[in-house]
Amino acid sequence: MKTLTTTQELADFCKAAAAFDYVTVDTEFLRERTYYSKLCLLQLAVPSPDEDSAVLVDPLAEGMTLEPLYELFADESVVKVFHAARQDLEIFWVEAGVFPNPLFDTQVAAMVCGFGEQVGYETLVRKICKEGVDKTSRFTDWSRRPLSEAQKTYALADVTHLRKIYEYLSAELTKTKRSHWVAEELRTLTQSGTYEIQPENAWKRIKTRTNSAKFLAVVRELAEFREAYAQENNVPRSRVFKDDALIELASTKPKSLSDLGGSRLLLREARKGVIADGILAAVKKGVNCPPEKLPKIDISRDKLKVNPALADLLRVLLKSKTESSGVAAKLIATSSELDQIAAGERELPAMSGWRFEVFGEDALKLCDGKIALAAKGQTVTVVEL
């Protein structure tokens, strides 16, 4: 197997790849010690029987740049095929501000083609390629060099089997006329906002047991400081302080370094220096937050008047129709969306576009404000919403 270690070698491969309809792509990276993923290895393959049709690219090699790959990403005549692309795309967006176009994600396509939700690569290799995947190198430190032959073989398999998987799923989508369903889901993956976390919004990810606006004001300031510090210093959030420590700090509201010393959950490094100063400043700002700037809590979901019988019927219908049509339920509607529909809400993603094409006119008439609880050819029981 060939490993590309110079920009010129990568440029030559990408130039050759531009002559094909698609190229399969995968990455190996590390994120345990950093905020942003560190790209350690890149795998590429084109649909050719040639020995060098699949290659490894070493982005850590001295002088290596990925500009030729980004030019290939911009070539709209070549489909860029990934499996579970989100983390891969985040790397390219953070590193170079680019997204591959056009994009095909085999995990998303598999959900439309009857393989269930969040189907893994190994499952698709087994079911479509009728082969197995060697898992022995799964926990490799991909930043270490040299890589063993076993590690290289493991990494390369992530793009060689992907060729057959892509061709199978692409053919299925064409046959069932569902390609536009996949395109709908992939649109989110190629939007910069998907990967940009604004520090001022980081608090919304924190799970708390109270909706007290004053408490959440402190949570908001602590989360904002942590996120900004982690981004600026490229360290994991947990290296600054973990969520449970954040909740403890918001509860105890320390005012001095000695107060921080009494924390049970705060790391030693966070009890002094820049982090400690940031914590105390964030707590003070949260405590002194004026009433008009307190976090606004969305309690609309808590006030939903859900018809439980109708919600249960919706779940039964969704399960039945998605199983018979081979589409993952997640792509049609989430459990919370079903509750909202059962409560009478209509302005939902699940209520528009292709998401209900799968049900057919006989099975589901949500647009008419009715749910027909029967399959085609059977007696129809209509429930008014």
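Before reading further, recall that the structure is shown in the block above.
Residues numbered from 1 in each chain as written. Predicted model: local features only at pLDDT ≥ 70, side-chain atom pairs only at ≥ 80, totals over all residues. Heavy atoms only, no water.

Structural notes on the packing of aromatic side chains
Then step 1. Summed over all chains, the structure comprises 13 aromatic pairs.
Then step 2. Judged by centre distance (4.8 Å) and plane angle (75°), the rings of Tyr35 and Tyr36 are edge-to-face.
Then step 3. Looking at Tyr36, the relative accessible area reads 28%, which means it is partly exposed.
Then step 4. A network of ring pairs unites the aromatic residues Tyr70, Phe73, Phe82 and Phe92 as a single cluster. (Phe/Tyr/Trp six-rings, centres within 6.5 Å; stacked < 30°, edge-to-face > 60°. Buried < 20%, exposed > 50% of the residue type's maximum accessible area, 1.4 Å probe, protein only.)

Examining the environment of Tyr121
Then step 1. Here Tyr121 shows up in helix α5 (residues 121-129).
Then step 2. Once the C-alpha coordinates of Tyr121 and Val133 are considered, the two residues, 12 residues apart in sequence, prove to be 9.0 Å apart.
Then step 3. Not counting chain neighbours up to four residues away, the residues in contact with Tyr121 comprise His83, Ala157, Asp158, Val159, His161, Leu162 and Ile165.
Then step 4. One polar contact links the side chain of Tyr121 to the main-chain carbonyl oxygen of Ala157, over a distance of 2.6 Å. (Helix = DSSP H or I, 4+ residues; strand = E, 2+ residues; numbered from the N terminus. Contact = heavy atoms within 4.5 Å. Polar contact = N/O pair within 3.5 Å; in protein donor to acceptor, adjacent residues only side chain to side chain.)

Details of the side chain of Asp158
Then step 1. With respect to the helices and strands, Asp158 occurs in helix α6 (residues 149-176).
Then step 2. On the basis of relative accessible area, Asp158 is assigned to the buried category, the value being 13%.
Then step 3. If we skip the residues at most four places from it in the chain, Asp158 touches Asp26, Glu28, Gln43 and Tyr121.

Examining the packing of helix α8 (residues 213-233) against helix α12 (residues 273-287)
Then step 1. As a packed pair, α8 and α12 sit with axes 7 Å apart at the nearest point and diverge in direction by 150°. Regarding the angle of α8 to α12, the classification is roughly antiparallel. Remark: the crossing between α8 and α12 carries right-handed chirality. Packed against α8, whose contacting residues are Ala217, Val218, Glu221, Leu222, Phe225 and Tyr229, the element α12 presents Val274, Ile275, Gly278, Ile279, Ala282, Val283, Lys285, Gly286 and Val287 at the interface. (Axes fitted to C-alpha atoms, helices over the stretch in contact; angles between N-to-C directions. Parallel < 35°, antiparallel > 145°, perpendicular 65-115°, else oblique. Left-handed = near helix turned anticlockwise from the far one by under 90°.)

What to know about the layout of surface pockets
Picture a little ball the size of a water molecule; that probe, rolled over the atoms, points out where space is still empty.
Then step 1. Here the largest pocket is characterised by a volume of approximately 930 Å³.
Then step 2. Forming the walls of the largest pocket are 35 residues, and the residues nearest its centre are Asp26, Phe29, His83, Ala84 and Gln87.
Then step 3. Secondary-structure elements contributing two or more residues to the lining of the largest pocket are β2 (22-30), α3 (86-96), α4 (106-112), α5, α6 and α7 (179-189).
Then step 4. The biggest single contributor to the lining of the largest pocket is β2, with 6 residues. (1 Å grid on protein atoms, 1.4 Å probe; cavity = no way out; pocket = protein on both sides within 12 Å on 5 of 7 lines; lining within 4 Å. Points joined across faces, edges and corners; volume = space filled by probe spheres on them.)

Thoughts on the packing of α5 against α6
Then step 1. α6 packs onto α5 with a crossing angle of 60° between their chain directions and a minimal axis gap of 10 Å. Put simply, α5 runs oblique to α6. Where α5 crosses over α6, the handedness of that crossing is left-handed. Residues Tyr121, Leu124, Val125, Ile128 and Cys129 of α5 form the contact with α6, whose own contacting residues are Ala157, Asp158, Val159, His161, Leu162, Lys164, Ile165, Tyr168 and Leu169.

Considerations on the pattern of salt bridges
Then step 1. In total, this model carries 11 salt bridges according to the counting rule given.
Then step 2. Taking the shortest distance from any N to any O, the salt bridge between Asp339 and Arg315 comes out at 3.1 Å. Placement of the pair is Asp339 in helix α14 (residues 335-342) and Arg315 in helix α13 (residues 308-325), with a sequence separation of 24 residues.
Then step 3. Judged by its relative accessible area of 28%, Arg315 is partly exposed.
Then step 4. What you see here is one network of salt bridges that share partners, running through Arg220, Glu221 and Lys285. (Salt bridge = Lys/Arg side-chain N within 4 Å of Asp/Glu carboxyl O.)

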